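# Breakdown of the fold
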Amino acid sequence: MAIRSFFRLRILSTHAGDFIRGVVVALLVATIFVAGIQLRRWIGDTTRHVRYQHDIVNGFYWGSEVLAQARRVSPDEASANSWPGFCRGYFALYDRVKDKAYKNDYGLDYPPLRLLVMAIWAKQVRSEFAGVDDGHPKLVNPLLKINLLCEMLSAIAMFLLVRLCVQQSSWATRSWLLNILPQQHRASICGLAAASVAWLEPSMILDAHGWPQWDVWVLPFYLFAALAALRNRWFWCGCLLAAGAMLKGQLLFVAPFFVLWPLWQKRWLPALRVLAGFLATIAVIVSPWLLRTSAAWISVAAVGAVSLLFLLRYRWPHGSAWLAGIIGCAVFVIGALTGGSFAWLQVGFIYGTEHYPYLFISSCYNLPSLLSKVGWSLKDSFLSAHFGSLHLQITLQWTLRLLYLGALALCARGLARHLRDRDPRVLIAIAAPWLLMFALLGQMHERYLMWGAVVSAMALGVSVRLSIIHFIISIASTTMIVHVMLIDKKLEATLPAIDVLKHIRSYGAIVVLGCVAVYLWNTLSIRIPIFQHREVRPGATSSLALAPEPEEA
């Protein structure tokens, strides 16, 4: 009886300890969440006098143009104000902008989903304030709420991503910080720390609520795409990347990372499933522009039916993913053959790469800004060669792009190696593409380091040293955004700060490049097994191993 009472008491005390621990964690998470909300409100109120109004006005203008186009293509005002009329205006705007542009200067550089969000926002504002002035759009709060939602989703994705990687590789870590944490709670603690730092990231808050801009919209898509890839859900990884790219085209610069990743592992089918998901999602979004006749829709349906019968006959694995990819390809091919419009591509994506033909925009701490200091420009010839009658000339713009693609391929290789070794530096490899994009490519805006500043918070699941590098990147990103916001208004009280920030730009570029180099080195470096500090954990298994898992397509 005494022994039974003793064990019963131990069980009760264990349950009580778990309950208390759960309550403490819940209170901590709630405190961090509320602090983040209050910080965003404070930033919004404090920066009102230096708010960068141009992007708000631009978004409201193009959203209003969708409504104006709806009135042009509708027979009466009632029809124009309806949702079918709204859709007609939305699908017709790209063609009108392309046809009316002078020397291909479209002005509009919004991808389809971002234009849709701006149009819905403008419709809501116009319905409540019919005579609102374009220069002073009201009710920007709906867009700020979208920013807040994306920030919350990014923090959740960060927690899940870091917890997964640390869970599967923490036994192989050399970090003294991770080793002192309790083994059973290590992954959750690291995930919570990374998510908290990402949630409170100052450059993200300033960009989303002080500027405000819409860059944060792509972050949850990238992070959840990485999580899907780690879980061997490659088709859904491609879907997430495509949806994010339709909100912000810069995601296309890092998207090849997810194709190179399985290729370095010599896994061709996952790479094809990423492409299948990507093409299928893009096709669904742009099909109203590409398939403009009944014959085009019937042709796509016929291709889908034949492909379905073929896949059922031979019982291909992941048949639904392959079917979606085949239909996606069919949409583009049939659309091109039947006179579908590709204005959404020309205006929403290609124009953005030609809009600012400069090495860098505003105040950037990166390699192109240093090159501009010594007299280089974006279109300068970097390499020229003659092969008989053939003249080959590579500009600095393409040189930087090729350099970036090479570094991206090396990141994918490093990630594949870290997955094989169950090394927590998988997280650094996932963060590196955003940092390399900003550090190496031309035509970067200062805001674009914000993406790298947020995703590099994953370093809190790797080591203290790399976590310190993250905070340096965060400071640099915040400084650049502050600099541009102050330049836009040029208030007398801020002139000394503007002058200081202008003079430290070159030093800031060197610091940022050094931080990116450290992350790249940790992505590529190999740890000699004899020097690895490991906690032996019998029977350890990993969902990150090279063997593919079943995918739910």
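Structure's up top.
Residues numbered from 1 in each chain as written. Predicted model: local features only at pLDDT ≥ 70, side-chain atom pairs only at ≥ 80, totals over all residues. Heavy atoms only, no water.

### Remarks on the overall build of the protein chain
Convention followed: Only DSSP runs of H or I covering at least 4 residues are called helices, and only runs of E covering at least 2 are called strands; the numbering of each starts at the N terminus. In this scheme, a residue with accessible area under 20% of its type's maximum is buried, one over 50% is exposed, and one in between is partly exposed, where area comes from a 1.4 Å probe on protein chains only. The contact definition used throughout considers only heavy atoms, calling two residues in contact when any of these lie within 4.5 Å. Accessible areas in this description were obtained via Shrake-Rupley with a 1.4 Å probe; residue shielding takes into account the shown protein chains only.
When helices and strands are tallied, the protein chain shows 24 helices and 2 strands. Buried residues in the protein chain amount to 51% of all 553 residues. Pairs at least 24 apart in sequence give 77% of the contacts found in the protein chain among residues at least 6 apart. Total accessible area computed for the protein chain in this model is approximately 25900 Å², and 68% of it derives from carbon and sulfur atoms.

### Digging into helix α20 (residues 426–440)
Applied cut-off: Working rule for helices: expected span equals 1.5 Å times residues minus one. The angle between axes fitted to the seven-residue stretch ending at a residue and the seven-residue stretch beginning at it gives the bend at that residue.
Along its 15 residues, α20 runs 22 Å from first to last C-alpha, staying within 8% of the 21 Å computed at 1.5 Å per residue. At Ala432, α20 shows its maximal bend, which comes to roughly 35 degrees, and the proline Pro433 appears one to four places after that position. Summarising burial for α20: 15 of the 15 residues are buried, a large majority.

### A closer look at the layout of surface pockets
The condition that has to hold: The way it works is a 1 Å grid over only the protein atoms, where trapped points that fit a 1.4 Å probe form a cavity and open points with protein on both sides within 12 Å along at least five of seven lines form a pocket, and then any residue with an atom within 4 Å of a point lines it. Grid points are joined across faces, edges and corners, and a volume is the space filled by probe spheres set on the points. Nonpolar residues are Ala, Val, Leu, Ile, Met, Phe, Trp, Tyr, Cys and Pro. Charged residues are Asp, Glu, Lys and Arg, and all others, Gly as well, are polar.
Size it by volume and the largest pocket reaches roughly 970 Å³. Lining the largest pocket are 44 residues, and of these Asp109, Arg114, Gln250, Gly352 and Tyr448 sit closest to its centre. Among the elements of the structure, α2 (53–72), α12 (251–254), α14 (268–290), α17 (343–355) and α19 (396–421) are those that each provide at least two residues to the lining of the largest pocket. Tallying contributions element by element places α17 first for the lining of the largest pocket, with 8 residues. Tallied by class, the residues present in the lining of the largest pocket amount to 22 nonpolar, 15 polar and 7 charged.

### Overview of the pattern of salt bridges
Going by this rule: Between Lys or Arg on one side and Asp or Glu on the other, a salt bridge is scored when a side-chain nitrogen of the former is within 4 Å of a carboxyl oxygen of the latter.
According to the stated counting rule, one finds 9 salt bridges in the structure shown. Among the salt bridges present, the one from Glu151 reaches Arg40, with a minimum N-O distance of 3.2 Å. Remark: Arg40 occurs in helix α1 (residues 2–46) and Glu151 occurs in helix α6 (residues 141–169); sequence separation between them is 111 residues. The class of Glu151 is buried, set by a relative accessible area of 1%.

### Points about a nonpolar patch on the surface
Condition: Residues qualify for a patch when their relative accessible area is over 30% and they have no salt bridge, like charges being joined within 9 Å and the nonpolar side chains of Val, Leu, Ile, Met, Phe, Trp and Tyr within 5 Å.
Where nonpolar side chains cluster on the molecular surface, the patch consists of Val374, Trp376, Phe382 and Leu383 and spans about 400 Å² of accessible area. By secondary structure assignment, the location of Val374 is in the loop between α18 (367–373) and β1 (381–387). Using a relative accessible area of 60% as the deciding quantity, one classes Val374 as exposed.

### Quick word on the environment of Phe258
Take Phe258: it is sitting in helix α13 (residues 257–264). Separated by 33 residues in the primary sequence, Phe258 and Ala225 have C-alpha atoms spaced 8.6 Å apart. When sequence neighbours within four positions are dropped, the list of residues in contact with Phe258 reads Tyr222, Ala225, Ala226, Ala229, Trp234, Cys237, Leu241 and Val274.

### A closer look at the side chain of Thr47
Of note, Thr47 is situated in the loop between α1 and α2. Look past the residues within four positions of Thr47 in its chain and what remains in contact with it is Leu206, His209, Gly210 and Met485.

### Notes on the nonpolar core
We apply this condition: The definition of a nonpolar core used throughout is a set of buried Ala, Val, Leu, Ile, Met, Phe, Trp, Tyr and Cys residues joined through side-chain atoms within 4.5 Å.
Counting 136 residues, the largest nonpolar core has Tyr222 and Phe258 as its most contacted members. Of the residues forming this core, the biggest block, 14 residues, is contributed by α20. Counting residues in hydrophobic clusters, the runner-up holds 12 residues, among them Val50, Tyr52, Met485 and Ile498.

### Topic: the packing of aromatic side chains
Short version of the rule: Stacked, tilted and edge-to-face are the three classes assigned to paired rings of Phe, Tyr and Trp, where Trp is represented by its six-membered ring and a pair needs centres within 6.5 Å; plane angles under 30 degrees give stacked, over 60 edge-to-face, the rest tilted. When the NZ atom of lysine or the CZ atom of arginine is within 6 Å of a ring's centre and also within 35 degrees of its normal, the charge is said to sit over that ring.
Under the definition given, this model contains 22 aromatic pairs. Pairing Phe60 with Trp121 gives two aromatic rings, centres 5.4 Å apart and planes at 75 degrees, and the pair type is edge-to-face. On the criterion of sequence distance, the pair formed by Phe60 in helix α2 and Trp121 in helix α5 (residues 112–128) is long-range, its members being 61 residues apart. A residue is classified by how much of its surface remains accessible, and Phe60, at 0% relative accessible area, is buried. An angle of 85 degrees between the planes, with centres 5.3 Å apart, marks the rings of Trp234 and Trp261 as edge-to-face. Of this pair, Trp234 sits in helix α11 (residues 234–245) while Trp261 sits in helix α13, and the two are 27 residues apart along the sequence. Comparing Trp234 with Trp261 shows no difference in burial state: the two are buried. In textbook terms, an aromatic cluster arises when at least three aromatic residues are bridged by ring pairs, as seen for Tyr222, Trp234, Phe257, Phe258, Trp261, Trp434, Tyr448 and Trp451. When the ring centre of Trp199 is taken as reference, the NZ or CZ atom of Arg40 above it lies at 3.8 Å.

### Some remarks on unusual backbone geometry
In this structure, the amide linkage connecting Trp211 to the following residue, Pro212, adopts the cis form with an omega of -20 degrees. Mapped onto the fold, Pro212 is located in the loop between α9 (202–210) and α10 (219–230). Phi angles above zero are rare outside glycine, and Asn104 is one such case at about 60 degrees. By the element assignment, Asn104 lies in the loop between α4 (83–100) and α5. Since its relative accessible area comes to 53%, Asn104 is described here as exposed. The phi angle at Gln443 is positive, at roughly 65 degrees, despite the residue not being glycine. Tracing the sequence through the fold places Gln443 in the loop between α20 and α21 (449–455). Note on Gln443: relative accessible area 14%, which makes it buried.

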